[in-house]
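Overview (structure and organization)
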Amino acid sequence: MDGLWDDIIKLSTKEVSLAATGGSATITTEGESWWVYGASLDDDIYYYDAVELDLSSAPYTLDEDQFSIERSDLTTIVVSMDANTTGAERTLIVYLEAGDYFDSIKVTQAAN
């Protein structure tokens, strides 16, 4: 079991695909009381600390070298990825939390 609570985030989709050239995907939620607590891009894991930034508010952007995660308002998340120059498909997973409910968005980026 991922958590004790029912789905209070209610993602519009849990999987998106991006072209090798890069781009972004917008995902909406029905719930407003969620936050991004981490992400993983292939073998690299990123954790975000709520002490440094109020992750349950909006707007904010979490910028990394090859991707960014933007919470543009209380019900919208925009995931962007730079061009994929690795020669292999990449997978970014964005981890969300709302109390004792956990969910994720899987972003698959095509190989160049």
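In this text, all values refer to a predicted model and were calculated from it rather than measured experimentally. (Residues numbered from 1 in each chain as written. Predicted model: local features only at pLDDT ≥ 70, side-chain atom pairs only at ≥ 80, totals over all residues. Heavy atoms only, no water.)

Observations concerning a nonpolar patch on the surface
On the surface, Leu4, Trp5 and Ile8 cluster together into a nonpolar patch covering about 340 Å² of accessible area. Mapped onto the fold, Ile8 is located in the segment before β1 (15-18). (Patch = residues over 30% accessible without salt bridge, like charges linked within 9 Å, V, L, I, M, F, W, Y side chains within 5 Å. Areas by Shrake-Rupley, 256 points an atom, 1.4 Å probe, with all protein chains shown as cover. Salt bridge = Lys/Arg side-chain N within 4 Å of Asp/Glu carboxyl O. Helix = DSSP H or I, 4+ residues; strand = E, 2+ residues; numbered from the N terminus.)

Focus on the nonpolar core
Counting 26 residues, the largest nonpolar core has Val36, Ile69, Ile77, Leu92, Val94 and Leu96 as the members making the most contacts within it. At the level of secondary structure, the elements contributing two or more residues to this core comprise β1, β2 (23-28), β3 (35-41), β5 (60-63), β6 (67-73), β7 (76-81), β8 (90-98) and β9 (101-109). Considering each element in turn, this core owes the most residues, 4 residues, to β8. Those residues in contact with Ile77 that lie beyond four places of it in its chain are Ala25, Thr26, Ile27, Trp34, Val36, Ile69, Glu70, Val94, Leu96 and Ile105. (Core = buried A, V, L, I, M, F, W, Y, C linked by side-chain atoms within 4.5 Å. Buried < 20%, exposed > 50% of the residue type's maximum accessible area, 1.4 Å probe, protein only. Contact = heavy atoms within 4.5 Å.)

What about the pairing of β9?
As paired elements, β1 and β9 share 4 bridges and run parallel to each other. Following the sheet pairing, Val16 is matched in β9 by Val107. Relative to β9, β8 runs antiparallel, the two sharing 9 bridges. Bridging from a neighbouring strand, Ala98 pairs with Tyr101 of β9. Hairpin connection of β8 to β9: 2 residues between the antiparallel strands, including Gly99 at a positive phi of 65°. (Pairing = 2+ DSSP bridges.)

Some points on the environment of Asp103
If you trace the backbone, Asp103 turns up in strand β9. Judged by relative accessible area, which is 10%, Asp103 ranks as buried. In this structure the C-alpha to C-alpha distance between Asp103 and Ile8, which are 95 residues apart in sequence, comes to 9.8 Å. Those residues in contact with Asp103 that sit more than four places away from it in its chain are Asp7, Ile9, Leu11, Lys14, Val94, Tyr95 and Leu96.

Quick word on the sheet that holds β6
Read across the open sheet, the 4 strands follow the order β2-β7-β6-β5; overall the sheet is antiparallel. Edge positions in the sheet fall to β2 and β5, since each has one partner strand and no second. When strand polarity is set aside, the average angle formed by the axes of neighbouring strands in this sheet is 15°. (Axes fitted to C-alpha atoms, helices over the stretch in contact; angles between N-to-C directions.)

Looking at the sheet that holds β9
In space, the 5 strands of this open sheet follow the order β1-β9-β8-β3-β4, with mixed pairing throughout. The open sheet has two edge strands, β1 and β4 (44-47), and neither has a second partner. For this sheet, the mean inter-axis angle between neighbouring strands, taken without regard to orientation, is 20°.

Purely spatial values, then, with no claim about function.
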